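In case you want the letters, here they are:
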Amino acid sequence: MLILGTPNLTSQVYASQPSKEGHVNCKSHDELRALMKKHFHVSLLFSMNDEVVHTGYGPMAHYLFGIGICPKKEMNYVLGGNGFIGRNVLKAFWRTFHST
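Cut-offs and rules
Residues numbered from 1 in each chain as written. Predicted model: local features only at pLDDT ≥ 70, side-chain atom pairs only at ≥ 80, totals over all residues. Heavy atoms only, no water. Helix = DSSP H or I, 4+ residues; strand = E, 2+ residues; numbered from the N terminus. Buried < 20%, exposed > 50% of the residue type's maximum accessible area, 1.4 Å probe, protein only. Arc of directions from axis to C-beta. Core = buried A, V, L, I, M, F, W, Y, C linked by side-chain atoms within 4.5 Å.

Peer 1: When you look at unusual backbone geometry in this model, what are you seeing that I'm missing?
Peer 2: What you tend to see is this: most non-glycine residues have negative phi, and most peptide bonds are trans. One non-glycine residue, aspartate 50, lies in positive phi territory at about 55°. Here aspartate 50 is to be found in the loop between β2 (40-49) and β3 (52-54). A relative accessible area of 60% places aspartate 50 in the exposed class. Here the phi dihedral of cysteine 70 falls at roughly 60°; this positive angle occurs in a residue that is not glycine. Within the secondary structure, cysteine 70 sits in strand β4 (residues 63-71).

Peer 1: So what exactly am I meant to see when it comes to helix α2 (residues 29-39) here?
Peer 2: Each α-helix winds once per 3.6 residues, and so residues spaced three or four apart point in a common direction. Where α2 is concerned, the buried positions are His29, Leu32, Leu35, Met36 and His39. Along α2, the residues classed as buried sweep out an arc of 135° about the axis, all on the same side. Turned more than 90 degrees from where α2 packs its buried face, Asp30 and Lys38 sit exposed.

Peer 1: So what exactly am I meant to see when it comes to the environment of leucine 35 here?
Peer 2: Looking at where leucine 35 falls in the secondary structure, it is placed in helix α2. Looking at leucine 35, the relative accessible area reads 7%, which means it is buried. Sequence separation between leucine 35 and glycine 68 is 33 residues; the distance between their C-alpha atoms is 9.9 Å.

Peer 1: What is the right way to read the nonpolar core from this model?
Peer 2: Across soluble globular proteins, nonpolar side chains have a tendency to be buried as a group. If you look at the biggest cluster of nonpolar residues, it comprises 8 residues: Leu2, Leu4, Leu32, Met36, Phe40, Leu45, Ala61 and Leu64. Put simply, the parts of the chain that give this core at least two residues each are β1 (2-7), α2 and β2.

Here you go:
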């Protein structure tokens, strides 16, 4: 399972300049969904406005959360116990997420 979050690209028009400088790789709701579906059999997306997390209309959210379950590739496990993620999937996902 992988849990990640990113500021919504569509909300950046309302962000302050310092905030824009710190958020260099924002994704839109559709981009994050496509990226998660590429690497995981099950992908769940949640949106956040202020302190409220919801499954509502993604383009209006300020922040996006993605949860990926059941990676599509076989992998070598990095961590054991309850929290583990595959090295190969994590590397591929990281490269894709940071390629833009």
